[in-house]
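Remarks on the overall topology
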Amino acid sequence: MPKFSFFRGNMLKKITLLVLMIGLLFSCNKENMYKITVNLSNLNPQEVYVVYESADFKTVDTILYKGSGSFVLTQKPDSLQLVTLYYDDFSRWIPIYLEQPGRIMVYGDAVFPQLAQVKGGRINELLSGFRKETATLLKDYYTIYYGTDSIPESLNKPNRIARLANINHEIRIHAETFIQKNPSEKASAILIRDYFVDADHPLRTESLLADLKPELDDFYVVKDLKAFVAKARSTLVGAKAPDFNVRNIYGESFQINTFMNKYFLLAFTYMWNDQYHTGELHLDDIISIFPKDSLNVMLVTLDENPKELRDLSRRDPIRWNIVSDSIGQAIELLDLYNVNVLPRCFLIDKEGHIILKTDNGVEVKQALEQLIKKTDK
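First, a word on scope: everything that follows refers to the structure included in this document. Counting of residues starts from 1 at the beginning of each chain's written sequence and follows it residue by residue. Only residues with pLDDT of at least 70 get local features here, since the model is predicted, and only at 80 or more are side-chain atom pairs given and counted; chain-wide, interface and lining totals rely on the full set of residues. Side-chain measures were taken over the full set of non-hydrogen atoms in the model, leaving aside hydrogen atoms and water.

1. Regarding the overall build of the protein
The following threshold applies: Secondary structure counts use DSSP, requiring at least four H or I residues in a row for a helix and at least two E residues in a row for a strand, with both numbered from the N terminus. Accessibility here uses a 1.4 Å probe with only protein chains present; expressed as a share of the type maximum, an area under 20% marks a residue as buried, one over 50% as exposed, and anything in between as partly exposed. For this analysis, residues touch if any pair of their heavy atoms sits within 4.5 Å. Working definition of accessibility: Shrake-Rupley area with a 1.4 Å probe, residue cover restricted to the visible protein chains.
The helix and strand inventory of the protein stands at 11 helices and 15 strands. Sorting the 377 residues of the protein into buried and exposed places 41% on the buried side. Pairs at least 24 apart in sequence give 60% of the contacts found in the protein among residues at least 6 apart. For the protein, the computed accessible surface area is about 21500 Å², with 53% contributed by carbon and sulfur atoms.

Have a look at this one:
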């Protein structure tokens, strides 16, 4: 009997030790996980898309939300930097920044994702504080931009545009104040990205980046912003036009050097169908007025069917030099020239420098009139 008790006692000790070890291991694993609890009012039953991002990869998960209140996301770190929740057919989203594994709480009104409060991690806390401070402005902007029944009838389209511009200006003032007060915070870099990124005016972004402390230089948002500024500078007026190698719808090859010793108009246009979208840019007039030995014109369109474009061009007295997106050429050129709005024109001089960037065909026409008249003299 004593011998049996001895072995039973040892067995109990081993079992107890094993349970403690499993519990400790499970506890460590829980501590090494992100647990994100999302509780949004007015979130209708739907599919919610969850995008996980790191420096090297991006994955998408789908959650079928049944309107049961909150839902929980659990994820291993795996160098994750950001989780973004998309809902209402991707028209609304909430970014969640990941720093250290642990619990994160997301709550607010699903109708106004810009006002969502995210608790857990310094970046989220600071950005939530900024959103809380500017809540009235953010809510007004969202309400006017997307339109609701609460908008007064007196606020017609021109008034809405002016009001949105004023609200955006006020939000940017708050953001700039935050950045100046918090130059060593990663949240400041995120606010620069969210409110001051403009491919046509990168110098403002560059100036604000210069206000940040050097210890943020390795932060991925700062790296991305610096790369953006360098790229945007390449298409400023006065810069050497970025080189390319493309083929038009007739198979002819073109590089930037092809157009040397003449003025060159690079025009990014809408997709074409039965009608050319050249009238808005006055391209018909420009091609008719200015001789080929003074001006070359190349149109870039997102259409993917060069044969269809060739068929359409046969009905036009002008033989348009068109680059389509049949092999991704148009997308590459849009990216190369930092084009984020259509139409957009770049007027390039005889030495290959950008002398005008505009979406106004009248400006292009006036500029060419002055330039070619000077050349004629």
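2. A few points about the sheet that holds strand β14 (residues 344-348)
To keep it simple, the criterion reads: Following DSSP output, two strands are said to pair if at least two bridges run between them.
With respect to topology, 5 strands assemble into an open sheet ordered β13-β12-β11-β14-β15, the strand pairing being mixed. The sheet terminates laterally at β13 (322-323) and β15 (354-358), the two strands that pair on one side only. Sheet topology places β14 next to β15; 4 bridges connect them, and they run antiparallel. Bridge pairing in β15 places Cys345 opposite Thr358.

3. Points about the packing of helix α6 (residues 202-211) against helix α7 (residues 220-233)
We apply this condition: Axis angles are defined between N-to-C directions and span 0 to 180 degrees, where every axis is a line fitted to C-alpha atoms and, for a helix, only to the segment in contact. Left-handed describes a crossing whose near helix is turned anticlockwise from the far helix by less than a right angle; the clockwise case is right-handed.
The contact between α6 and α7 brings their axes to 9 Å, and the two run at 145°. Handedness of the α6/α7 crossing: left-handed. Two secondary-structure elements touch here, α6 through Pro202, Leu203, Thr205, Glu206 and Leu209 and α7 through Val222, Leu225, Lys226, Phe228, Val229, Ala232 and Arg233.

4. Remarks on α7
In plain terms, the rule: Helices are assigned an expected span. That span is 1.5 Å times one less than the residue count.
Between its first and last C-alpha atoms α7 spans 20 Å; for 14 residues at 1.5 Å apiece the expected length is 20 Å, and the two agree. Those residues of α7 that are buried lie in contact with α5 (186-195) and α6.

5. Focus: the sheet that holds strand β5 (residues 80-87)
Here 4 strands make up an open sheet; going across it, the order is β3-β2-β5-β6 and the pairing antiparallel. At either margin of the open sheet sits one strand with a lone partner, and together these are β3 (58-65) and β6 (92-97). Adjacent strand axes in the sheet meet at a mean angle of 20° when their direction is disregarded. Here strand β2 (residues 46-54) pairs with β3 via 8 bridges, running antiparallel. Of the residues in β3, the one forming a bridge with Glu47 is Leu64.

6. A look at the packing of aromatic side chains
Let me state the cut-off plainly: Two aromatic rings from Phe, Tyr or Trp, using only the six-membered ring of Trp, form a pair when their centres are within 6.5 Å; if the ring planes differ by under 30 degrees the pair is stacked, by over 60 it is edge-to-face, and anything between is tilted.
Enumeration according to the criterion identifies 14 aromatic pairs in this entry. Relative to Tyr142, the ring of Phe112 lies with its centre 5.7 Å away and its plane at 70°, an arrangement referred to as edge-to-face. Note that Phe112 is positioned in the loop between β7 (102-109) and β8 (117-119) and Tyr142 in helix α3 (residues 135-146), a separation of 30 residues in sequence. Under the relative-accessibility criterion, Tyr142 is labelled buried at 4%.

7. Quick notes on the pairing of β5
In terms of burial, β5 is a largely internal element, 7 of the 8 residues being buried. Sheet analysis places β2 next to β5, joined by 6 bridges and oriented antiparallel. Opposite Tyr52, over in β5, you have Val83 as the bridge partner. Taken together, the 6 bridges between β5 and β6 define a ladder with antiparallel strand orientation. Bridge pairing in β6 links Thr84 to Pro95. In this structure, the hairpin formed by β5 and β6 is closed by a connection of 4 residues, where Asp88 is found at a positive phi of approximately 50°.

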